[in-house]
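Overview (structure and organization)
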Amino acid sequence: MKPTEGPETENHTLLTEFVLYGLSNHPELQHLLFFIFCLIYTITITGNLLIFMITIHPTLHIPMYFFLRVLSFLDISTASIVVPKMLVNFLSQDRSISYTGCATQLYCVIFLAATECYILAAMAYDRYVAICNPLRYPIIMNSRVCLFLVLLSCCSGNIVSVVQTAWVFTLPFCGPKHINYFFCDIPPLIMISCTDTSLYEKQIIIATALVIFTPFFLILVSYACIISSILKISSVEGRKKTFSTCSSHLTVVTLYYASGTLIYLRPKSSNSQDTKKVLALIYTTIIPTLNPLIYSLRNKEVKGLLIKTIAELSKIQTSSEMEPQNITNPVTEFVLLGFNHSPRIQQFLFTVFFIVYLLTCLGNITIVTTAITDYHLHTPMYFFLANLAFTDITESSVNTPILLSGLLSQNKTVPFKECIFHMFLFHFIGGAHIFLLAVMAADRYVAICKPLQYLTIMKHEVCVGLVAGSWVGGFIHSATQIALLLPLPYCGPNTLDNFHCDVPQVLKVACIDTYLTELLMVSNGGLLLIIIFGLLVISYAVILIKIRSQVTEGKYKALSTCIAQITAISITFIPGIFIYARPFKTFELDKVASIFFTVLVPMLNPMVYTLRNTEMKKAIRRFVSRVLFSGEKGID
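Residues numbered from 1 in each chain as written. Predicted model: local features only at pLDDT ≥ 70, side-chain atom pairs only at ≥ 80, totals over all residues. Heavy atoms only, no water.

What follows is about the overall build of the protein chain. A count of helical and extended segments in the protein chain gives 21 helices and six strands. Counting only residues that meet the buried cut, the protein chain has 51% of its 636 residues in that class. Taking all contacts inside the protein chain whose residues are at least 6 apart in sequence as the whole, residues at least 24 apart take part in 81%. For the protein chain, the exposed surface amounts to about 30400 Å²; the carbon and sulfur share of it is 68%. (Helix = DSSP H or I, 4+ residues; strand = E, 2+ residues; numbered from the N terminus. Buried < 20%, exposed > 50% of the residue type's maximum accessible area, 1.4 Å probe, protein only. Contact = heavy atoms within 4.5 Å. Areas by Shrake-Rupley, 256 points an atom, 1.4 Å probe, with all protein chains shown as cover.)

Set out below in structure tokens:
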């Protein structure tokens, strides 16, 4: 997206970036504000993740908690779009944000805010049906209707966001570039436009009225009917319980719609910027923090399950120490079922996966060696690519030999300790691999969006630190998984329906209820994958928009590199999310996803990066030529 040129801006220099003033310009307050909002952000993420995990419990599989999970996800997303940039600005002298970055942030904020407005209306409708038509509630609010309401909310939010963002960024911005705000929003952007914005203000007011007043009116009608029904309930206890559920929703609605109305219905009002900042803080930062508290404190079912969860968490160690005393035959080894096919098919699969393993090692070793020996590739991107290739080799070497051994051997038993060690290595390397993909995305973002500062930002010490941080992140992830597994008692049956030891299958062997442990592991594994994948998608969307606006010769080179990385990310994250981002139920595709995630992806990565990368292909040709030439010279 480029700044729009027009007759009114012929004598002006159009802006390519903005500078956010933030909440305060007082230097002495910056560290205090950083600490406060870092704490608020931590509470927001923790609280909403807790609500999200608790409402997955089988006893809460009703529409109300489905919408509450969606609301928690929107709150996490809104806070993550606004707060991290604000925290960086508290500690940094450079508070600039690129034109594209500003447009992206504005789109995301409006999309999430508008979607939440519609979701709150859907929640009000759900309460209306539950209270006013209780006998027909399961029929009316079935899973398809709930999913439709969520998708409709998202589509409506997307339409509003696209229109609003397009309207704002067709305005010419020619200075000043300073925005007296802590994120890119409609009112401050209109204030710095260098043209008459009266028409745009009217359009924004109309759109805002539709986004806020339409769902708000539906909510008022719903609650008018609800209150009428509540008053007809003869039982005082029933009336109190029903109103308690509704009052939490009404509290959220009042806070959310009031702050949005005061900000967007008067985009150029005479209210001070400090007042607008406070109002913006309420719906972008404070409400996402308060929602988990409001819904847990005002809801007996959520509160009861939360207390039970904390109690169970505190008893995990105790139960793990006491239970084994009653176990007569604790598991000392596991039996890997692998692929139960005829001997011929087993031999065929052995041949296929052996070739895959050879190609994986050959391809990744070639990338590592080429990146080290060819001085043309001594750049951050290829340094990270070499490290990624190393993780592919090690990950494949941890898993594929076990697969090959299982295909030929009748004895498929694995000692308990060896199984635990295998899982530690697998998740350690796999975690480092995931974090490296995030680092590579950050490298491409800096290279394309900040090319003049690239060498300064991505210097050698920083690259080494990022790679080291990826391995540390992988270690913490893996150690957490194993720490959750080890205290559990295992009493069988000791068969694992997989070709290698992995968390979902091992958990099924435990003798106690592992629901809480599964949730913790999903949050440490699957949820981490989803969050990183979401951030990567946003990063590459920004990068692709930036590439599209370029007219340089390097445009197609940058696009080719990014497509390769997007492909690598997709083939890694999608099967990983399928396996680890859900409570561990068995599906027929689990083995296929596991094979793809652990065996095929390490083989595909070298092909993805070499086929789409001209520099790497040339470097590999030079490397092969050097090897062949030196071999001929030795013979002579």
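Moving on, we get to the packing of aromatic side chains. As enumerated under the stated definition, the model contains 23 aromatic pairs in all. Between the aromatic rings of Phe-18 and Phe-173, the centroid separation amounts to 5.5 Å while the plane-to-plane angle is 90°, which identifies the pairing as edge-to-face. Of this pair, Phe-18 sits in strand E1 (residues 17–20) while Phe-173 sits in the loop between helix H5 (143–168) and strand E3 (178–179), and the two are 155 residues apart along the sequence. Like Phe-173, Phe-18 is buried. (Phe/Tyr/Trp six-rings, centres within 6.5 Å; stacked < 30°, edge-to-face > 60°.)

With that settled, consider the state of the cysteines. Enumeration over the complete set of coordinates arrives at three disulfides. Residue pairing for Cys-491: its cysteine sulfur links by disulfide to Cys-511, the two sulfurs lying 1.9 Å apart. Pair noted here: Cys-491 is in the loop between helix H15 (460–485) and strand E6 (495–496) and Cys-511 is in the loop between helix H16 (503–507) and helix H17 (515–524), with a separation of 20 residues, a long-range link. Exposure remark for Cys-511: the relative accessible area of 30% places this residue in the partly exposed category. (Disulfide = S-S within 2.5 Å.)

Moving on, we get to the sheet that holds E6. Pairing in this open sheet of three strands is mixed, and the strands run E5-E4-E6 from one edge to the other. Edge positions in the sheet fall to strand E5 (413–415) and E6, since each has one partner strand and no second. Bridging between strand E4 (residues 333–336) and E6 involves two bridges; their strand directions are parallel. Residue Val-335 lies in a different strand from E6, and its bridge partner there is Thr-495. (Pairing = 2+ DSSP bridges.)

What follows deals with the confidence of the model for the protein chain. Mean pLDDT over the protein chain works out to 79, with 82% of the residues at or above the 70 mark. The lowest-confidence element of the protein chain is helix H10 (residues 300–322), averaging 56 in pLDDT; the highest-confidence one is H5, averaging 89. Note that residues 4–11 has pLDDT below 50 and, in this model, 13 contacts with residues that lie over four places away or in other chains. In this model residues 316–325 is a low-confidence stretch, pLDDT under 50, and it forms twelve contacts with partners more than four residues away in sequence or in other chains. (pLDDT = per-residue confidence, 0-100.)

Moving on, we come to the sheet that holds E1. Strand order in this open sheet of three strands is E2-E1-E3, and the pairing throughout is mixed. The outermost strands of the open sheet, each flanked by one partner alone, are strand E2 (96–98) and E3. Both E1 and E3 contribute to a ladder of two bridges, which runs parallel. Counted as the bridge partner of Val-19 is His-178 from E3. Sheet contacts for helix H3 (residues 99–132): E1 and E2; angle to E2, the most-contacted strand, approximately 85°. (Axes fitted to C-alpha atoms, helices over the stretch in contact; angles between N-to-C directions.)

In the structure shown here, the tally under the stated rule is three salt bridges. The salt bridge partner of Asp-374 is Arg-622, with a shortest N-O separation of 3.0 Å. Linking Asp-374 in the loop between helix H11 (343–373) and helix H12 (380–408) with Arg-622 in helix H21 (residues 614–635), this pair joins segments that are 248 residues apart in sequence. You can call Arg-622 partly exposed: its relative accessible area is 30%. For Arg-444, the salt bridge identified is with Asp-443, shortest N-O distance 2.9 Å. Look at Arg-444 and you get buried, because its relative accessible area is 10%. Residue class for Asp-443 comes out buried when judged on its relative accessible area of 1%. (Salt bridge = Lys/Arg side-chain N within 4 Å of Asp/Glu carboxyl O.)

When you line up the elements, Phe-578 lands in helix H19 (residues 555–580). Look at Phe-578 and you get partly exposed, because its relative accessible area is 30%. Once the C-alpha coordinates of Phe-578 and Ala-593 are considered, the two residues, 15 residues apart in sequence, prove to be 7.5 Å apart.

On to the pairing of E4. Only one face of E4 is buried: it carries Phe-334 and Leu-336, and the other face, with Glu-333 and Val-335, is open. Pairing analysis gives three bridges linking E4 to E5, with the strands arranged antiparallel. What sits directly across from Phe-334, in E5, is Val-414.

The next thing to look at is the packing of helix H13 (residues 416–449) against H15. To characterise two packed helices, one gives the angle between the axes of the helices and the distance between these axes. The N-to-C vectors of H13 and H15 enclose an angle of 145°; their axes lie 7 Å apart at closest approach. Taken as a pair, H13 and H15 cross one another with a handedness that is right-handed. Split by residue class, the contact of H13 with H15 holds 16 nonpolar, eight polar and no charged. (Left-handed = near helix turned anticlockwise from the far one by under 90°. Nonpolar A, V, L, I, M, F, W, Y, C, P; charged D, E, K, R; others polar.)

A word on the side chain of Arg-69. Checked against the element boundaries, Arg-69 lands in helix H2 (residues 63–91). If we ignore the near neighbours within four places in the chain, the residues touching Arg-69 are Phe-52, Thr-55, Ile-56 and Leu-60.

Of all hydrophobic cores here, the largest spans 82 residues; its most connected members are Phe-18, Phe-37, Leu-120, Phe-169, Phe-173, Leu-189 and Tyr-283. The element best represented in this core is H3, accounting for 20 residues. Those residues in contact with Phe-37 that sit more than four places away from it in its chain are Leu-23, Val-83, Met-86, Leu-87, Phe-90, Leu-281 and Thr-285. Leu-385, Val-467, Ile-579 and Val-608 belong to the second-largest nonpolar core, a separate cluster that totals 49 residues. (Core = buried A, V, L, I, M, F, W, Y, C linked by side-chain atoms within 4.5 Å.)

With that settled, the discussion passes to a nonpolar patch on the surface. Residues Leu-29, Leu-32, Phe-35, Ile-36, Leu-39 and Ile-43 make up a contiguous nonpolar surface patch of roughly 530 Å² in combined accessible area. Its location among the elements puts Phe-35 in helix H1 (residues 27–54). (Patch = residues over 30% accessible without salt bridge, like charges linked within 9 Å, V, L, I, M, F, W, Y side chains within 5 Å.)

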